[in-house]
Amino acid sequence: MAMAIRVFLTLLLFLISTHLTSSLYEDQVGLMDWHQQYIGKVKHALFHTQKTGRKRVLVSTEENVVASLDLRHGEIFWRHVLGTNDVVDGLDIALGKYVITLSSDGSILRAWNLPDGQMVWESSLQGSKASKSILYIPKNLKADKDDLILVFGKGCLHAVSSIDGEVLWRQDFAGESIEVGHIIQSTDEIYVAGFIGSSEFYVYGLNAKNGELLKKDHTTLPCDTFGELLTISSDKFVVLDNMRSKILTIKIKNGKISYNQKPISDLIKDSSGQAVIVPSRLPELFALQINSHVLLIKVTNEGDLVLVDKINNVAACSDALSISEGQHAFAFAQHEDSKIFLFVKDVSDWNGDLLKESIIIDQQRGNIDKIFINNYLRTDRSYGFRALMVMEDHSLLLVQQGEIVWSREDGLASVVDVTTSELPVEKEGVSVAKVEQNLFEWLKGHVLKLKGTLMIASPEDVVAIQALRLRSSEKSKMTRDHNGFRKLLIVLTRAGKVFALHTGDGRVVWSILLHTLRKTEVCVHPVGLNIYQWQVPHHHALDENPSILVVGRCGPSLATPAVLSFIDAYAGKELNSLSLAHTVAQVIPLPYTDSTEQRLHLIIDINQHAYLYPRTPEAIDILQREFSNVYWYSVEADNGVIRGHALKSNCIHIVDEYCFDFRDLWSIVFPSESEKIIATVTRKSNEVVHTQAKVMTDYDVMYKYVSKNVLFVANAAPKARGEIGAATPEEAWLVIYIIDTVTGRILHRMTHHGCQGPVHAVFSENWVVYHYFNLRAHRYEMSVVEVYDQSRADNKDVWKFVLGKHNLTSPISSYYRPEVTTKSQSYFFTHSVKAIEVTSTAKGITSKQLLIGTIGDQVLALDKRFLDPRRTLNPSQAEKEEGIIPLTDSLPIISQTYITHSLKVEGLRGIVTVPAKLESTSLVFAYGVDLFFTQIAPSRTYDSLTEDFSYALLLLTIVALVAAIFVTWVLSERKDLQEKWR
Amino acid sequence: MEKGKGLMGSGGRRWGVDLSDNSTSRDIPDPPGFSRASLDQDDSSLSRQKKDAESNWKAQKAWEVAQAPLKNLLMMGFMMWMAGSTVHLFSIGITFSALWQPISALQSVGKMFEPYKDNKVELLGPKLLFIALNLGGLALGVWKLNALGLLPTHTSDWVSSLAPAQEVEFSSGGVNLG
């Protein structure tokens, strides 16, 4: 008997321990997760509408996506996300059935099947030097029955067969030091035109059949040139001189060059502004932008320039579209308040408009950036036009007949930073009608569920149940829920737009294009840097809305001034914005808040002054109180130095009471000949740790070193900084440090010989996990280091704890210099990694899972138990019972633990975890080109009933039990009475 | 025992007849051959004898009662061995019943020996034995509790929920924002 029980129990234990993670059933997909697909800001667009049937538009984007979109609804037919370094330079259609893309600086040419996006062929084009890359698909140019594709890239001209991608011939221009700008086709000859320097213009004539160099001509232009050469027609070019005051017209006839020049002032009286040639390809015409005007200038056959029109406030011009033989249309858009005027004109007949429409576009989309047009035949045989517009916020709109047919929020493909905000608390006083309806719905839903549980549901019922589960209105409500699953994800995109996404269904609750991050004369290339929680109202400031701080900068350089925006997280309105006089190098959210729950932030500029925000006297008071306890460190990766600083006093040179100086406390200088900083990681400031003690198997206690002021630094050998394989194992090593950032003390140092980066790491509680490449084993490895506080280890007397006479919870300082010990272990790991995160829960009690963004753009959840330095080959019985897994050389990849299940988060860049209010659950948001959100419970949902729990069954059981109790009571009473009468 | 008590007994049992009360049946003639006189004659000597026997019997019974927990103890020991040393429903149930039984027994020590209370019977011995055995049972329960690891006798039991100490300093920073 005892044996049987024991066997049963061991079996039970075994079963529990083998089901390490909760995988997902098929019908649970989409219940708690959502996935959104984006493409990014469109660079090129090609319409494909000739044939009836599916009308589509082919696009390539700045996120290196090639996609085919449905013209009716804007959905993605197919999409390919190329690698981050595989930038698409050219997009065209060949043979009417292949989409040709040129990428990676003109070195990779691919053909995709137009209907389904299957890759047909891929050619790798060799070349010796970096150059501009041009994709040119000539019409009717054949070499041995093959239609040719001409590609200029890496200093070489390649003629590629469009059928199989074979390189038919190539001509190397690398030796000529020519910057090729254009390829021109004339029957059987190909001309290549370009500059040497900025005034020597060269033309080469080549035989289209074999690439043989036929002729060559050059001329020296009278002045240097500015900007790009623009083709007007097959033999004419225009370019500006370097003073931007003259237009040069270059003409090539049979390989001979001739040129004209004309000052802009001859065309227009007020030519004071900086002229720019608009890169729109128009036949016999070009557009010149001066100030806010656009001049349309016609180039006659003799090479004369004639001003055709002058348009004000032009936002964007399209390329010309050939609508019929000899007729070309051209579109441009004008802004006026909230309206956009779209004009389509005939290039040769400038007086009339083919189309004039006004469209009302959401102000939060900003200006039009690009415009692509396409025509269609109306029922009355006239031409209609549709326009694809790329907006300032990177969204994509299709406009037809003055209406927006569809829009895509493709700005969300380039998320820069993410934070979260709570939703408003539910207000009381819900209307009765709603409740009744809800009650009925609720009951109906539960009856259906009950049917499902009792397996008496018909197939229709099953479908209804699934639909009910998926569109549960509960999860997309706009109020805070008890479990804390509903939140707002606030994301900052590269376009400077801030979106609030609902965690329930991923819809955009509000969006705002920040005017501080829009292009102005003062701020030419603004970039959004980070997003912070500025005000999180708690108990005493609950009636205020939470707000968000967005930090940006006027340009990519560190020396440009900073901009701040404060946004109301509920309303999506900008509360305040500041254009600062100082720069921003670091933003430090301090762990102090003022009376309105605004968090204190220090912004540190490049001159190492700290500026305190919010700028209120109260904030200064709070900072003065903690003045001596605020430290700051800077990592100078280029110099290999880490410096520690402390607040000193108010700024000496700047008169500003919110400005503070720092003094240098310590510095760690790594030997530059042997170590280069490649990664640093620190603990999340909002992480909650439940306990400081870790209990070992034999009831022994180890005290975790849970300081927040620690920094993990990974240094690689200088030779091994590059790609994997560039260095031999002997010259590669990886040195890792754990540094106390208050005192600059190195707590731990370890060297991995024969290993190299890239290093991805995550720091949580007292442990750090990092991922790197082992050159000797030719495999990726993951290591874990756990740090324990040895100075607390002698707190072993039980009576001290019983009587509460210990000082383990009294505040500690880094200056006590506690003794630390570390435990570490390394394992092989199959995947290369894009990002690592760790789950975070409300109280920190639930065990942790590592979330690993794999190279396949999926997110894998790996139990921290696998990365436990106490793992041994043969764990004892007690250790096994505690859950220690026998040591294996590699970490298992269990396919059920992919939290993205069958989906891919294309172009995965980051993973964010947010604790829910329910302790067992953590919310995970992964972003890249796609967005993915889900809830995970690393130790299962031990603190709540599952979603598919049948309340109706419970209710029914209770009712049945009560009824049974009543019946039996009556029966027993009756029996008692009979007994007494006997 | 008074006359008529059986008839007018408390609790509304109106029709009950107490047959053990022989005093009510005096008016009924004795059956032939039964002499009541002889019984009445040596009532005093007999009653002393009877009392002695009774007290002996009581003492004996008291010792028996006192020894009863021993069997229980053995039984518990066996059950505990069966339950094993891992924490689960059986072992917890058995352990808690092993703790509860002696405690409830100890609470009702007085009541347990009430029937054997007599001037002549020495109850201290049995009571002490009873208490000792029950304490033994209790000890066994506590030992089992400890064996299951449910007693906070280790440091780990006291520090496992100890919140981390607050830090005096605050430090942050990193690489310059790109």
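The model shown is predicted, which means the values in this text are computed figures rather than measured ones.

Definitions and limits used
Residues numbered from 1 in each chain as written. Chains lettered and ligands numbered in written order. Predicted model: local features only at pLDDT ≥ 70, side-chain atom pairs only at ≥ 80, totals over all residues. Heavy atoms only, no water. Helix = DSSP H or I, 4+ residues; strand = E, 2+ residues; numbered from the N terminus. Buried < 20%, exposed > 50% of the residue type's maximum accessible area, 1.4 Å probe, protein only. Areas by Shrake-Rupley, 256 points an atom, 1.4 Å probe, with all protein chains shown as cover. Lys, Arg positive; Asp, Glu negative; His and termini not counted. Charge placed at Lys NZ, Arg CZ, Asp CG, Glu CD. Polar contact = N/O pair within 3.5 Å; in protein donor to acceptor, adjacent residues only side chain to side chain. Contact = heavy atoms within 4.5 Å. pLDDT = per-residue confidence, 0-100. Core = buried A, V, L, I, M, F, W, Y, C linked by side-chain atoms within 4.5 Å. Pairing = 2+ DSSP bridges. Axes fitted to C-alpha atoms, helices over the stretch in contact; angles between N-to-C directions. UniProt positions renumbered as here; feature names shortened; annotations may be inferred. Buried area = accessible area lost by both parts, 1.4 Å probe. Salt bridge = Lys/Arg side-chain N within 4 Å of Asp/Glu carboxyl O. Nonpolar A, V, L, I, M, F, W, Y, C, P; charged D, E, K, R; others polar. Phe/Tyr/Trp six-rings, centres within 6.5 Å; stacked < 30°, edge-to-face > 60°. Lys NZ or Arg CZ within 6 Å of the ring centre and 35° of its normal.

### Brief notes about the overall build of chain A
Scanning chain A from terminus to terminus reveals 7 helices and 65 strands. Across its three principal axes, chain A shows a C-alpha extent of roughly 125 × 80 × 60 Å. A buried classification covers 53% of the 982 residues belonging to chain A. Accessible area of chain A: about 45,300 Å², with a carbon and sulfur share of 53%. With 100 positive and 113 negative side-chain charges, chain A shows a spacing of 3 Å between the two charge centroids.

### Topic: the side chain of Thr913 of chain A
All names here are of chain A. One can find Thr913 in strand E63 (residues 910-915). The exposure class assigned to Thr913 is buried, which follows from its relative accessible area of 7%. A polar contact is formed between the side chain of Thr913 and the side chain of Glu837, at a distance of 3.4 Å. Here Ser840 takes part through its side chain, which lies 3.3 Å from a polar atom of the side chain of Thr913. What Thr913 contacts, discounting residues up to four positions off in sequence, is Lys684, Glu837, Val838, Thr839, Ser840, Leu851, Ser922, Leu923 and Val924.

### Considerations on the confidence of the model for chain B
Residue and element names in this part refer to chain B. Chain-level statistics for chain B give a pLDDT mean of 77 and a share of 80% at 70 or above. Here helix H1 (residues 36-41) is the element of chain B with the lowest mean pLDDT, 60, and strand E1 (residues 170-175) is the one with the highest, 88. Scored below 50 in pLDDT, residues 1-11 shows 6 contacts in the model against residues more than four places distant or in partner chains.

### Concerning the nonpolar core
All names here are of chain A. Among the nonpolar cores identified, the biggest contains 37 residues, and Leu388, Phe925 and Leu931 are the most heavily contacted of them. With residues near it in sequence (within four places) discarded, Phe925 still touches Trp34, Val418, Leu489, Val491, Leu501, Gly910, Ile911, Val912, Leu931, Phe932 and Phe933. Membership of the second largest hydrophobic core comes to 22 residues, among which are Tyr705, Leu734, Ile738 and Tyr772.

### Brief notes about the sheet that holds strand E24 (residues 285-290) of chain A
Residue and element names in this part refer to chain A. What the 4 strands build is an open sheet, ordered E23-E24-E25-E26; its pairing is antiparallel. Strands at the two margins of the open sheet, each flanked by one partner only, are strand E23 (275-282) and strand E26 (305-312). For this sheet the average axis-to-axis angle between neighbouring strands, irrespective of direction, equals 25°. Of the pairings in the sheet, the one linking E23 to E24 comprises 5 bridges and is antiparallel in character. Directly across from Ala275, in E24, lies its bridge partner Ile290.

### Here we look at the UniProt feature "transmembrane region" (unreviewed entry) in chain A
Under the feature "transmembrane region" (unreviewed entry), the UniProt entry names residues 949-972 of chain A. The annotated region residues 949-972 of chain A carries 92% helix and 0% strand content, and the separation between its end C-alpha atoms amounts to 35 Å.

### Points about the interface of chain B and chain A
Contacts between the two partners involve 32 residues from chain B, matched on the other side by 57 residues from chain A. Together, the buried faces of chain B and chain A total about 3,900 Å²; carbon and sulfur atoms form 61% of this surface. Considering only the surface of chain B that becomes buried against chain A, Glu169, Phe170 and Leu177 of chain B emerge as the three largest contributors, covering 20% of it. Viewed at the interface, chain A and chain B are joined by 0 salt bridges. Those elements giving two or more residues to the side of chain B that touches chain A turn out to be helix H2 (43-83), helix H6 (155-159) and E1 of chain B. Broken down by element, the residue count for the side of chain B that touches chain A peaks at 6 residues, all from E1 of chain B. A class-by-class count of the residues in the side of chain B that touches chain A yields 13 nonpolar, 17 polar and 2 charged. Sheet topology places strand E47 (residues 630-636) of chain A next to E1 of chain B; 6 bridges connect them, and they run parallel. Bridge pairing links Val630 of chain A to Phe170 of chain B in E1 of chain B.

### Digging into the packing of aromatic side chains
All names here are of chain A. Following the criterion strictly, the structure yields 20 aromatic pairs over all chains and no others. Ring geometry for Phe152 versus Phe173: centroids 6.2 Å apart, planes at 50°, classification tilted. Taken as a pair, Phe152 in strand E12 (residues 146-153) and Phe173 in the loop between strand E14 (167-172) and strand E15 (179-186) lie far apart in primary sequence, 21 residues in all. For the pair Phe152 and Phe173, one class covers both residues: buried. Taking the centre distance of 5.1 Å and the plane angle of 40° together, the rings of Trp632 and Phe662 count as tilted. One end of the pair, Trp632, is in strand E47; the other, Phe662, is in strand E49 (residues 659-669), with 30 residues separating them in the sequence. For the pair shown, Trp632 and Phe662 are each scored as buried. Each residue in the set Trp34, Phe925, Tyr927 and Phe933 is aromatic and connected to the rest through ring pairs, giving one cluster. We note Arg779 situated over the ring of Phe828; from NZ or CZ to the ring centre the distance is 4.4 Å. Stacked on the ring of Trp767, the Lys or Arg Lys864 has its end atom at 4.8 Å from the ring centre.

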